[in-house]
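Descriptive analysis of the structure
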Amino acid sequence: METGKAIAFLLASGQGLLLSLALVIKGLRQERSNLFLGIILYVIALELLNAWGMQVQYHDSPASFPFWNLQSYLLLPPSIWFFAQLTTTPGYAFRPKYGLFYLPAGVEVLVRSGWSFYRRSTGALPSLLDNPGWFLLTELLPIFGTAIALWFYGRKLIFFHRSLKEHAFRLSFGLFVRLYSLFCFLLLTTVIWAAGVLLKWPVFAGLEIVLTLFLFAFGYIGYANPAFFTLPVLPDVKSSEKPEFLHYDDAKQLERLQTVFRQDALYTQSKLTVDDVAKRLQLPSRYVSYLINTRCAANFTHFVNGFRVEAVIRKLNDPAEHHKTLLALALEAGFNSKSTFNQVFKQHTGQAPSYFLLEKKEG
């Protein structure tokens, strides 16, 4: 039984580390939210690897590599916070200076590594966790920070639901799972984590089981569908209140907005932002968001992708474009990757591009 648990922890942690690396690389290249999701999975995967080490008494081996010093719970609060911002706030951009929020985690890793090396060499130092100040900063503070970040994340999701009701949108089961599965998992593990540290409840065995199931389930989903973790940007509910823009003629400005998309094909810019559109129309960015949210019943990303999908379908029906591949048509329409195109196309048409093309040929 114990051997089986050790093998499960080792396999799950290995899979989690590979998945976290893939997400971090993808996040650095294009979809920034995946960077922070990868960091969250990295912490969880190391927690499982640590559970494996304790199970097989790897920590006591003189030749062991102290991988546990590379873990820091201080990585969780900022990663959850930025992940929530990027997936729920239209136009939010992570700036390099925000990396300073990860400085405490870097300091912790350096101190733990140096302390561990000197302790193993001389045996003269006690465990860092015996120090109340260190325990407060590295064990208790991350719990409270994670709780605050999850409160913010949950609040954003509630706003999303309100926006759906206002615009008569229906939350499908698939979108519900994509939106809430990670939040519910993080909330559950935080509760178990807090109960074990603050209340001294013997719940860490349960936490390890939950972590293992999560990594296996989401690991397979992530490998099978890389776009699964690319959550849609939620509408900014506050922008539906028309604040200081009463002097604008909404109907006229909406017509201008649609013109630059339909006639000027503004959507073909792969990294198009609200600011880009606002600059083109010489309008405030918040007003452009307001128009799209209220007059088009969509957020900016959904609005732009609608034009891109229409452009691809239009070209699929054009014999002059039949020599091009589906990916080439998608890139011309403004999509920046095949996975994003497949996901968005299915959201807008209810069919995968390959099935749509097959039905077209058969028709």
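Below you will find a few notes about this structure.

How each quantity is defined
Residues numbered from 1 in each chain as written. Predicted model: local features only at pLDDT ≥ 70, side-chain atom pairs only at ≥ 80, totals over all residues. Heavy atoms only, no water. Helix = DSSP H or I, 4+ residues; strand = E, 2+ residues; numbered from the N terminus. Buried < 20%, exposed > 50% of the residue type's maximum accessible area, 1.4 Å probe, protein only. Contact = heavy atoms within 4.5 Å. Areas by Shrake-Rupley, 256 points an atom, 1.4 Å probe, with all protein chains shown as cover. Axes fitted to C-alpha atoms, helices over the stretch in contact; angles between N-to-C directions. Parallel < 35°, antiparallel > 145°, perpendicular 65-115°, else oblique. Nonpolar A, V, L, I, M, F, W, Y, C, P; charged D, E, K, R; others polar. 1 Å grid on protein atoms, 1.4 Å probe; cavity = no way out; pocket = protein on both sides within 12 Å on 5 of 7 lines; lining within 4 Å. Points joined across faces, edges and corners; volume = space filled by probe spheres on them. Expected span 1.5 Å × (residues − 1). Phe/Tyr/Trp six-rings, centres within 6.5 Å; stacked < 30°, edge-to-face > 60°. Lys NZ or Arg CZ within 6 Å of the ring centre and 35° of its normal. Core = buried A, V, L, I, M, F, W, Y, C linked by side-chain atoms within 4.5 Å. Polar contact = N/O pair within 3.5 Å; in protein donor to acceptor, adjacent residues only side chain to side chain.

1. A word on the overall build of the protein
- Regarding its fold elements, the protein presents 14 helices and zero strands.
- For the protein, the N- to C-terminal ordering of α and β elements is α-α-α-α-α-α-α-α-α-α-α-α-α-α.
- The 363 residues of the protein split such that 47% are buried.
- Looking at the protein alone, contacts between residues at least 24 apart form 68% of all its contacts between residues at least 6 apart.
- As displayed, the protein offers around 19300 Å² of accessible surface, 63% of which is attributable to carbon and sulfur atoms.

2. Quick look at the packing of helix α8 (residues 250-262) against helix α10 (residues 285-295)
- At their nearest, the axes of α8 and α10 sit 11 Å apart, and the two run at 95° to each other. On the basis of their axis angle, the class for α8 and α10 is roughly perpendicular. Together, D250, A251, Q253, L254 and L257 of α8 and Y287, Y290, L291, I292 and R295 of α10 make up the contact between the two elements.
- Here the contact of α8 with α10 is composed, by residue class, of seven nonpolar, one polar and two charged.

3. So, the layout of surface pockets
- In this model, the second largest pocket occupies a volume close to 760 Å³.
- In this structure, the second largest pocket is lined by 26 residues; those nearest its centre are N50, R112, S127, L129 and E139.
- Broken down by element, the lining of the second largest pocket gets its largest block of residues, five residues, from helix α4 (residues 103-122).
- Its residues placed into classes, the lining of the second largest pocket shows eleven nonpolar, eight polar and seven charged.

4. As for the packing of helix α11 (residues 300-316) against helix α13 (residues 338-349)
- Put simply, α11 and α13 touch, their axes get as near as 10 Å, and they point 90° apart. Considered as vectors, α11 and α13 are oriented roughly perpendicular to each other. Counting all contacts with α11, which are made through H302, N305, G306, V309, V312 and I313, the residues of α13 involved are F341, V344, F345, H348 and T349.

5. Describing α13
- Between its terminal C-alpha atoms α13 stretches 16 Å, which fits the 16 Å expected from twelve residues at 1.5 Å a residue.
- Those residues of α13 lying buried are T340, F341, Q343, V344 and F345.
- Positive backbone phi, at 80°, marks G350, one or two positions downstream of α13.

6. Section: the environment of V24
- Mapped onto the fold, V24 is located in helix α1 (residues 2-29).
- For the pair V24 and L37, spaced 13 residues apart in sequence, the C-alpha separation works out to 7.7 Å.
- Ignoring anything within four residues of it in the chain, the contact list for V24 reads N34, L35, G38 and I39.

7. Structural notes on the packing of aromatic side chains
- Within the structure shown, the criterion is met by 17 aromatic pairs.
- The interplanar angle of 75° and the centroid separation of 5.1 Å between the aromatic rings of F67 and W68 together place this pair among those described as edge-to-face.
- Its relative accessible area of 8% is what places F67 among the buried residues.
- Their ring planes at 20° and their centres at 4.1 Å tell us that W81 and F152 sit as a pair that is stacked. You can see W81 sitting in helix α3 (residues 76-88) and its partner F152 sitting in helix α5 (residues 132-166), a full 71 residues away along the chain.
- Members of the aromatic cluster, joined through ring pairs, are F36, F82, Y98, F101 and Y102.
- The cationic tip of R308 hangs over the ring face of F335; the distance from NZ or CZ to the ring centre is 6.0 Å.

8. Concerning the nonpolar core
- In terms of nonpolar packing, the biggest core is built from 40 residues, with F36, I80, Y153 and L186 touching the most fellow members.
- Mapped onto this core, the elements with two or more residues apiece are α1, α2 (33-55), α3, α5 and α6 (173-198).
- A per-element tally of this core places α6 first, with nine residues.
- Aside from chain neighbours lying at most four places away, what touches F36 is S79, F82, F83, L86, F94 and Y102.
- Listed in part, the 32 residues of the second largest apolar core include Y267, F300, V312 and A330.

9. Some points on unusual backbone geometry
- The phi torsion at A265 lies on the positive side, around 50°, for a residue other than glycine.
- When you line up the elements, A265 lands in the loop between α8 and α9 (274-281).
- Its identity is not glycine, yet Q282 carries a phi of approximately 60°, on the positive side.
- Following the sequence through the fold, Q282 ends up in the loop between α9 and α10.
- On the accessibility criterion, Q282 (72% relative accessible area) is exposed.

10. Description of the side chain of S72
- Mapped onto the elements, S72 comes out in the loop between α2 and α3.
- By relative accessible area, S72 is classed as buried at 1%.
- Setting aside its immediate chain neighbours within four residues, S72 contacts V43, A105, E108 and V109.

11. Comments concerning the side chain of S20
- Relative to the elements of secondary structure, S20 occurs in helix α1.
- With relative accessibility at 4%, the residue S20 sits in the buried group.
- Side-chain polar atoms of S20 contact the backbone oxygen of L17, separated by 2.8 Å.
- Discounting residues that sit within four places of it in the chain, S20 has contacts with G38, L41 and Y42.

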